[in-house]
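Summary of structural features
So the chains spell out like this:
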Amino acid sequence: MLSILLSIVAFFVSIYCVRRYLESMGIPKGMTRGALIFSIALAISYLVAFAVDRLTT
């Protein structure tokens, strides 16, 4: 349960951070940028869930 909660938090925090980073680089909004943000956030949330699962077991 802890891994699910922390991965959800990590997902939304990483969306915010990646979106700000891409905006600072001047990359225009679009479907490709949205897919990139989603993919990176998904990978980060999976990594957080995996790490929490390994640390708590």
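Everything here concerns the structure above.
Residues numbered from 1 in each chain as written. Predicted model: local features only at pLDDT ≥ 70, side-chain atom pairs only at ≥ 80, totals over all residues. Heavy atoms only, no water.

1. Digging into the packing of helix H1 (residues 2–25) against helix H2 (residues 31–56)
Contact pair H1 / H2: the axes reach a minimum separation of 8 Å and the direction vectors enclose 145°. Crossing of H1 over H2 shows right-handed handedness. A class-by-class count of the residues in the contact of H1 with H2 yields 17 nonpolar, five polar and three charged. (Axes fitted to C-alpha atoms, helices over the stretch in contact; angles between N-to-C directions. Helix = DSSP H or I, 4+ residues; strand = E, 2+ residues; numbered from the N terminus. Left-handed = near helix turned anticlockwise from the far one by under 90°. Nonpolar A, V, L, I, M, F, W, Y, C, P; charged D, E, K, R; others polar.)

2. Some words on H2
Between its terminal C-alpha atoms H2 stretches 37 Å, which fits the 38 Å expected from 26 residues at 1.5 Å a residue. Within H2, burial applies to Arg 33, Ile 37, Ala 41, Ser 45 and Val 52. (Expected span 1.5 Å × (residues − 1). Buried < 20%, exposed > 50% of the residue type's maximum accessible area, 1.4 Å probe, protein only.)

3. Comments concerning the side chain of Ser 45
By the element assignment, Ser 45 lies in helix H2. Overall, Ser 45 belongs to the buried group, its relative accessible area being 8%. Setting aside its immediate chain neighbours within four residues, Ser 45 contacts Ser 7, Ala 10 and Phe 11. (Contact = heavy atoms within 4.5 Å.)

4. Things to note about the packing of aromatic side chains
Tallying each qualifying case throughout the model produces two aromatic pairs. Pairing Phe 11 with Phe 38 gives two aromatic rings, centres 6.1 Å apart and planes at 80°, and the pair type is edge-to-face. Highlighted residues: Phe 11 in helix H1 and Phe 38 in helix H2, separated in sequence by 27 residues. For Phe 38, a relative accessible area of 46% puts it in the partly exposed group. The rings of Phe 11, Phe 12 and Phe 38 are connected pair by pair, giving a single aromatic cluster. (Phe/Tyr/Trp six-rings, centres within 6.5 Å; stacked < 30°, edge-to-face > 60°.)

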